[in-house]
Amino acid sequence: MKKTVLFCVAFLLSVIAVSTTVTVIGQKKILSPKEERREAREKRRAERIASFEHYIDSLVLSRNFEFNPQTMQRQPAGPMRQIMNPAFNVDIWNGSADICLPYVNGYVPPYYVTVINYTIPELSGYTTEQTHEGWMVTFSTSLFSAATYTFTFEIFSRTGGANLTITNPWYSPVEYFGSITEIY
């Protein structure tokens, strides 16, 4: 009998404890000051992330942005090389491009690094496509040679990061990893 009474008392206490933490629909749960500060921080952080995503989206849609590479790699499975020189970048503005990038020439060894340094007044086949992570921007140019170079940017709206892949029918593709910024 004592066990039954103790069990009933324990059950009633647990029901009372649970009922005090459950709120009725439409009522706001009373938060401690610490929980209020945490929720406020989370809300501000979410607003900053959404603002940054909107900023990157507007840069891509305006067709005025700069790609700043940090590493490059010849595909498939070439060595990863750091790019420390701030002069290397790709500027896209008003349908034109200013390209200054190191590039790996050669289809088979020995490979050698050259510099692509051109200003392209008119980009052919410029397309912008929204993906679930950001944007795909593609255009082609001859770079004043007999071959066509295709530039494909994969831009990540949430992080501001971007990958650029340059393909050419004569050489292995070269991939660059970096970020997208505003042109100043």
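Residues numbered from 1 in each chain as written. Predicted model: local features only at pLDDT ≥ 70, side-chain atom pairs only at ≥ 80, totals over all residues. Heavy atoms only, no water.

Summarising the element assignment, Gln73 is placed in strand E1 (residues 65-74). A polar contact of 2.8 Å, which involves the side chain of Gln73, links it to the backbone oxygen of Gly78. The contacts of Gln73, once residues within four sequence positions are left out, are Gly78, Pro79, Met80, Pro173, Val174, Glu175 and Phe177. (Helix = DSSP H or I, 4+ residues; strand = E, 2+ residues; numbered from the N terminus. Polar contact = N/O pair within 3.5 Å; in protein donor to acceptor, adjacent residues only side chain to side chain. Contact = heavy atoms within 4.5 Å.)

Attention now moves to the pairing of strand E8 (residues 149-156). Where strand E7 (residues 134-141) meets E8, 8 bridges bridge the pair, whose relative direction is antiparallel. When the sheet's bridge partners are listed, Trp135 is paired in E8 with Ile155. (Pairing = 2+ DSSP bridges.)

This part is about the pairing of E7. Sheet faces and side chains relate simply in a regular strand, where the side chains alternate between the two faces. With 5 bridges joining them, strand E6 (residues 124-130) and E7 adopt antiparallel strand pairing. Note that in E7 the partner of Ser124 across the bridge is Ser140. Between the end of E6 and the start of E7, which pair antiparallel, lie 3 residues.

This part takes up helix H2 (residues 33-62). Counted at 1.5 Å a residue, the expected span for H2 with its 30 residues is 44 Å, and the 43 Å between its end C-alpha atoms agrees. By the burial criterion, the buried members of H2 are Ile56, Asp57, Leu59 and Val60. Buried residues along H2 sit in contact with E1, E6, E7, E8 and strand E10 (174-181). Backbone geometry just downstream of H2 places Arg63 in the positive-phi region, at approximately 60 degrees. (Expected span 1.5 Å × (residues − 1). Buried < 20%, exposed > 50% of the residue type's maximum accessible area, 1.4 Å probe, protein only.)

Evaluation of the coordinates by the stated rule reveals 9 aromatic pairs. Between the aromatic rings of Tyr118 and Phe144, the centroid separation amounts to 5.7 Å while the plane-to-plane angle is 50 degrees, which identifies the pairing as tilted. On the criterion of sequence distance, the pair formed by Tyr118 in strand E5 (residues 112-120) and Phe144 in the loop between E7 and E8 is long-range, its members being 26 residues apart. The class of Tyr118 is partly exposed, set by a relative accessible area of 33%. Cluster of aromatic residues (ring-pair linked, three or more members): Phe65, Phe67, Tyr126, Phe139, Phe151 and Phe153. The ring centre of Tyr111 lies 3.7 Å from the NZ or CZ of Arg74, which sits over that ring. (Phe/Tyr/Trp six-rings, centres within 6.5 Å; stacked < 30°, edge-to-face > 60°. Lys NZ or Arg CZ within 6 Å of the ring centre and 35° of its normal.)

With that settled, the discussion passes to the pattern of salt bridges. Across all of its chains, the model carries 2 salt bridges by this definition. Between Glu42 and Arg38 there is a salt bridge; the shortest N-O distance is 3.3 Å. Of the two residues, Glu42 and Arg38 both sit in helix H2, 4 residues apart, roughly one turn of that helix. Residue Arg38 is classed as partly exposed on the basis of its relative accessible area of 35%. In this structure, Arg158 and Glu53 form a salt bridge, with 2.8 Å as the shortest nitrogen-oxygen distance. Taken together, the residues Arg158 in the loop between E8 and strand E9 (161-167) and Glu53 in helix H2 connect sequence positions 105 residues apart. (Salt bridge = Lys/Arg side-chain N within 4 Å of Asp/Glu carboxyl O.)

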